[in-house]
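Close look at the chain arrangement
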Amino acid sequence: MNDDAADALGLLAGSAPADAYPELDDQLREMLDRGLTRNDDALVFVINDRGGAKLTAGSREAMARMGWDTTQYECQASSFHLEDHAPVTVDVVDGDLYISREDQVVMLRLGLRVADGVGRLVRALPDPVPVRCIIGAGSTNGTFRFHQLREGESWLLDDLDHYQEEMLVVVDIEP
């Protein structure tokens with residue numbers, strides 16, 4: 001995680017109590033209950049009883065034409081906004097969205113709960129693979145996404161402190 005996230009989560013001063021982590025809302029619980037599936041070699045959330053990714057195969061082909069790799073596809077297919085599921089306030093200040101630092105921390109903690117759920121799903125796969133969960137929170141939104149760890153493909157820069165506009169937590173899950 002970058003230094004800003006470590007500081008905000010209190011990891012430099014000791015860990016936060018378990019009740020500081022928000023519960024999953026119904027939509028997130030349902031998403032995790034549906035599980036993960038494969039779209040060719042991409043690992044994605046199941047979005048309905050028939051399976052599949054929220055980005056279609058046609059979208060994946062279009063991404064390939066733009067030079068996107070499978071990691072980029074997975075990050076887009078698994079991405080959602082944490083503020084849509086967290087008990088936070090999103091204000092409008094001078095026409096721009098604004099989320100307080102305290103609420104950004106709530107989003108990071110919610111993202112950690114989701115990452116824990118993704119970890120359980122990955123380990124339950126018939127052929128588990130290493131996965132990276134990426135949780136970001138800034139003054140305008142928070143995001144969660146994941147991708148398989150692959151040689152030569154990355155969604156992030158190596159130095160997480162380069163991301164100065166948001167707090168960033170990366171959770172690597174080993175099968």
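Relevant structure appears above.
Summarised in this report is the structure supplied together with it.

Conventions used here
- Numbering of residues starts from 1 in each chain and follows the order in which that chain's sequence is written.
- Two thresholds apply to this predicted model, a pLDDT of at least 70 for residue-level local features and 80 or more for giving and counting side-chain atom pairs, whereas whole-chain, interface and lining totals are computed over all residues.
- Based on all heavy atoms of the structure, the side-chain values leave hydrogens and waters out of the count.
- Any two strands between which DSSP finds at least two bridges are classified as paired.
- Under the DSSP-based scheme used, a helix requires at least four consecutive residues in state H or I and a strand at least two consecutive residues in state E, with every element numbered from the N terminus.
- We call two residues contacting when some pair of their heavy atoms lies within 4.5 Å.
- Interaxial angles span 0 to 180 degrees and are taken between N-to-C directions of axes, which are lines fitted to C-alpha atoms, for helices over the stretch in contact.
- Buried residues are those whose accessible area, probed at 1.4 Å on protein chains only, stays under 20% of the maximum for their type, while exposed residues exceed 50% and partly exposed ones sit between those limits.
- Centre distance within 6.5 Å is the pairing criterion for rings of Phe, Tyr and Trp, where only the six-membered ring of Trp is used; planes under 30 degrees apart are then read as stacked, over 60 as edge-to-face, and the remainder as tilted.
- Of all possible arcs, the one meant is that of the directions from the helix axis to the C-beta atoms.
- In protein, a polar contact means a hydrogen-donor-capable atom and an acceptor-capable atom, both N or O and within 3.5 Å, with residues adjacent in sequence counting only if both atoms are side-chain atoms; elsewhere, any N or O pair within 3.5 Å suffices.

Some thoughts on the sheet that holds strand S6 (residues 131-138)
The four strands lie next to each other as S3-S7-S6-S8, forming an open sheet whose pairing is antiparallel. Each of the sheet's edge strands pairs with one partner strand only, and the pair in question is strand S3 (80-81) and strand S8 (166-173). Here helix H4 (residues 70-78) sits on the sheet and contacts S3 and strand S7 (142-148); the angle it forms with S7, its principal contact strand, is near 140°.

Remarks on unusual backbone geometry
Even without a glycine there, the phi angle at Asp94 is positive, about 50°. One can find Asp94 in the loop between strand S4 (91-93) and strand S5 (96-98). By relative accessible area, Asp94 is classed as exposed at 78%.

Considering the packing of aromatic side chains
Evaluated as defined, the whole model comprises two aromatic pairs. Aromatic pair Phe45 and Phe146: ring centres 5.0 Å apart, planes at 85°, arrangement edge-to-face. Linking Phe45 in strand S2 (residues 42-45) with Phe146 in strand S7, this pair joins segments that are 101 residues apart in sequence. The pair Phe45 / Phe146 is uniform in exposure class, with both members buried.

Overview of helix H2 (residues 26-34)
Structural remark: α-helix, 3.6 residues per turn; residues separated by three or four positions point the same way. Turning to H2, its buried residues number three or more, namely Leu28, Met31 and Leu32. End-on view of H2: buried residues confined to an arc of 95°, all on one side of the axis. Tucked into the core, H2 has its buried residues touching S2, S3 and helix H5 (101-124). Its side-chain oxygen 3.3 Å from the backbone nitrogen of Gln27, Asp25 forms the N-cap of H2.

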